Amino acid sequence: MPFREINSKMVEATVVPGQRMFSQRGAMLAYRGDVTFTPNTAGGQGGVMSMIGRRVAGEATPLMTVEGNGTVMFGHGGHHIQVIGLTGDTLYVEADRLLAFDGTLEQGTMFMGSQGGVMGMVRGQVTGQGLFTTTLKGHGAVAVMAHGGVVELPITPGRPVHVDPQAYVAHHGDVRNKLSTALGWRDMVGRGSGEAFQLELSGSGAVYVQASEEKL
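First, a word on what this report is: a plain description of the structure on this page.

The rules behind the values
- Residues numbered from 1 in each chain as written.
- Predicted model: local features only at pLDDT ≥ 70, side-chain atom pairs only at ≥ 80, totals over all residues.
- Heavy atoms only, no water.
- Helix = DSSP H or I, 4+ residues; strand = E, 2+ residues; numbered from the N terminus.
- Buried < 20%, exposed > 50% of the residue type's maximum accessible area, 1.4 Å probe, protein only.
- Contact = heavy atoms within 4.5 Å.
- Areas by Shrake-Rupley, 256 points an atom, 1.4 Å probe, with all protein chains shown as cover.
- Salt bridge = Lys/Arg side-chain N within 4 Å of Asp/Glu carboxyl O.
- Phe/Tyr/Trp six-rings, centres within 6.5 Å; stacked < 30°, edge-to-face > 60°.
- Lys, Arg positive; Asp, Glu negative; His and termini not counted.
- Polar contact = N/O pair within 3.5 Å; in protein donor to acceptor, adjacent residues only side chain to side chain.

## Observations regarding the overall build of the protein
What the protein contains, in helices and strands, is three helices and 13 strands. Counting over 216 residues, the protein shows a buried share of 51%. Intrachain contacts of the protein at a sequence separation of at least 6 include 81% that bridge at least 24 residues. Total accessible area computed for the protein in this model is approximately 9,900 Å², and 52% of it derives from carbon and sulfur atoms.

In C-alpha cells, the structure reads:
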C-alpha cells in the first residue's frame, strides 16, 4: 500500500520510477525528491469516456498525474482521510471525494440509476451529488476524503445496511443498492435530507460512512 497515514488529515505516498499516481488538484501539501505534477486530461485509465461521464454529472474534478522518485504528502481542506485497499474488486466513490489513488487502478464511471432504478435521481436531488459515480477497479490503494471521520460497515448476505445518503462515502464488493423512503412522499415534500431517505446496501462487501452529513 503506497499511502502512509501521518494523521487523520494527511497521508504520505511513495512515488517510484515507472509508476504513477493520480491526485485531486490542490491536494499536494509537500514533497521530497524528484517528483512532477502534470494536469491529466484523459481522466486516469478510464480515458475519454470517464471524463465525459464526469462532465455530464457535473463532477469534472481535475486530476493531476504524479510521477518521479520521492515522497508526497497529500491533504485537502482539512478533511478526514480514509485509505482503502483494493484487491481486485471495484470501489464506488464520488469523484469529489477522491484525494489520490494508484495509477494501476482502472477508472470508470457508473450511472447510479442503473442500480436501484430512480435511486440516482432522488439521491442527486437530496445530496446535490450527481447521477454518476466514479469506479476504481484493480489492485492498489485509494485515499478518500470525508467529514468528521469514517467508519467501515461490513455488508453480509441477508444483513443489508441502511445508510443516510448524505453520510455515504463509498462502497466496494458485490453490493446492490437501492433507495427506500422512510416517510411517505407527502411527508417528504420540503425536506432536504436524511431520514426521509435510506440507502439500502445488500450483498457482500463494505460501505464507508462519514460522521457528518456536510457535503464536500
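We are not done yet, so read on.
## Thoughts on the pattern of salt bridges
Applying the stated criterion across every chain yields a total of two salt bridges. Across the pair Glu-12 and Arg-4 runs a salt bridge whose closest N-O atoms are separated by 3.1 Å. The exposure class assigned to Glu-12 is buried, which follows from its relative accessible area of 10%. Linking Glu-12 and Arg-32 is a salt bridge whose minimum nitrogen-to-oxygen distance equals 2.8 Å. Remark: Arg-32 occurs in strand β4 (residues 28-40) and Glu-12 occurs in strand β2 (residues 10-15); sequence separation between them is 20 residues. Here the salt bridges share partners, and the residues they tie into one network are Arg-4, Glu-12 and Arg-32.

## Brief notes about the environment of Met-64
Position of Met-64 relative to the elements: it lies in strand β5 (residues 63-74). Sequence separation of Met-64 and Met-21 is 43 residues, and the distance between their C-alpha atoms is 8.3 Å.

## Points about the packing of aromatic side chains
This model, assessed by the stated rule, comprises two aromatic pairs. Ring centres of Phe-22 and Phe-101 lie 5.5 Å apart, and the angle between their planes is 35°; on these two criteria the pair is classed as tilted. Note that Phe-22 is positioned in strand β3 (residues 20-24) and Phe-101 in strand β7 (residues 98-102), a separation of 79 residues in sequence. Considered together, Phe-22 and Phe-101 belong to a single accessibility category, that of buried residues.

## Remarks on the side chain of Asp-102
Inspection of the secondary structure puts Asp-102 in strand β7. With no salt bridge to any partner, buried Asp-102 finds its closest opposite charge in Arg-20, at an N-O distance of 10 Å. At 2.8 Å, the side chain of Asp-102 and the backbone nitrogen of Ala-141 are in polar contact. Among residues more than four places away in sequence, those in contact with Asp-102 are Pro-2, Arg-20, Gly-140 and Ala-141.

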